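Results of the structural survey
So the chains spell out like this:
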Amino acid sequence: MIAKVAPALFLLLVSTPAWAANPAHLEQLRRTGNCPNCDLSYARLRGRNLQGADLRGANLNAANLRGANLSSANLSGAVLNNADLTKANLTNANLSGASLLITRLDRAILGGAKLVDAILGGRDRLARVRTFRDATLPSGEKAFFLEESSRRR
């Protein structure tokens, strides 16, 4: 029985992608504050100050960006699928063409953010975003959401 199962398990383990960010890319981000086209998937960037960071085209798939300051960051074309952006500050961030499928945006601040051609869907919970004031939505229209509701969460 083990002889029959072992080859299948081996193929599964060999074909499984690495579940961590590229260490050299993490070091580049730490050192320079910029990392365009980097592999930062599954990175633990919780609470980091990435204000104004150049992360164009970066792979931030499943990254933990909870409470991170990404204000004025360039995330155009970035992949943020399944990322946690809970309470992240994305004020004036450029998310044009970014993919945010199944992304957590609970209480995120998207004031002035550019989301033109961004892909949103899944558990992104846009209704729970803290503010969209002056954001540009995927359609190119200005957001009509203003501030979070007064009800408790």
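Residues numbered from 1 in each chain as written. Predicted model: local features only at pLDDT ≥ 70, side-chain atom pairs only at ≥ 80, totals over all residues. Heavy atoms only, no water.

1. What to know about the overall build of the chain
Along the backbone of the chain there are two helices and two strands. For the chain, the proportion of its 153 residues judged to be buried stands at 37%. In the chain, the share of contacts with a sequence separation of at least 24, taken over all contacts with a separation of at least 6, comes to 4%. If you sum the accessible surface of the chain, you get close to 8,700 Å²; carbon and sulfur atoms cover 54% of it. (Helix = DSSP H or I, 4+ residues; strand = E, 2+ residues; numbered from the N terminus. Buried < 20%, exposed > 50% of the residue type's maximum accessible area, 1.4 Å probe, protein only. Contact = heavy atoms within 4.5 Å. Areas by Shrake-Rupley, 256 points an atom, 1.4 Å probe, with all protein chains shown as cover.)

2. Here's the deal with helix α2 (residues 23–32)
Where α2 begins, the side chain of N22 points an oxygen toward the backbone nitrogen of A24, at a separation of 2.9 Å. Just downstream of α2, G33 is the residue with a positive phi angle, here 80°. (Polar contact = N/O pair within 3.5 Å; in protein donor to acceptor, adjacent residues only side chain to side chain.)

3. As for the pattern of salt bridges
Under the definition given, this model contains four salt bridges. Measuring nitrogen to oxygen at the nearest pair gives 2.5 Å for the salt bridge that ties R30 to E27. With R30 and E27 both in helix α2 and three residues apart, this pair spans about one turn of that helix. Since its relative accessible area comes to 32%, E27 is described here as partly exposed. Among the salt bridges present, the one from D106 reaches R104, with a minimum N-O distance of 2.6 Å. Residue class for R104 comes out partly exposed when judged on its relative accessible area of 22%. (Salt bridge = Lys/Arg side-chain N within 4 Å of Asp/Glu carboxyl O.)

4. Quick notes on the nonpolar core
Counting 38 residues, the largest nonpolar core has L55, L60, L65, L70 and L75 as its most contacted members. Contacts of L60, omitting those with residues within four sequence positions, involve L40, S41, L45, L55, L65, L75, V79, L80, N81 and A83. (Core = buried A, V, L, I, M, F, W, Y, C linked by side-chain atoms within 4.5 Å.)

5. With respect to the confidence of the model for the chain
The predicted structure's coordinates, where accompanied by low pLDDT, should not be read in detail. Per-residue pLDDT for the chain has a mean of 82; in total, 76% of the residues score no lower than 70. Taken element by element, the predicted model of the chain shows its lowest mean pLDDT in helix α1 (residues 2–15) (43) and its highest in α2 (96). Throughout residues 5–17 the model reports pLDDT below 50, and contacts reaching past four residues in sequence, or to other chains, amount to zero contacts. In this model, residues 149–153 is a region of pLDDT below 50 whose contacts with residues beyond four sequence positions or in other chains number four contacts. (pLDDT = per-residue confidence, 0-100.)

6. Brief notes about the state of the cysteines
By definition, a disulfide links two cysteine residues through a covalent bond between their sulfur atoms. Under the counting rule described, the total for this entry stands at one disulfide. C35 shares a disulfide with C38; S-S distance 1.9 Å. The chirality of the disulfide connecting C35 with C38 is left-handed, given an S-S dihedral of about -85°. Exposure class is identical for C35 and C38. Each is buried. (Disulfide = S-S within 2.5 Å.)

7. Some thoughts on unusual backbone geometry
Located in the positive-phi region is S72, a residue other than glycine, with phi close to 60°. Counting through the fold element by element, S72 comes out in the loop between α2 and β1 (99–101).

8. Side note on the side chain of T136
Examined against the element boundaries, T136 turns out to sit in the segment after β2 (119–121). Take T136: its relative accessible area is 14%, and that puts it in the buried class. Every residue in contact with T136, bar those within four places of it in the chain, is listed here: A113, K114, L115, V116, E141 and K142.

9. Brief notes about the side chain of T86
One can find T86 in the loop between α2 and β1. According to the relative accessible area criterion, T86 is buried, its value standing at 6%. When residues no more than four places from it in sequence are discounted, the contact partners of T86 are R66, G67, R104 and D106.

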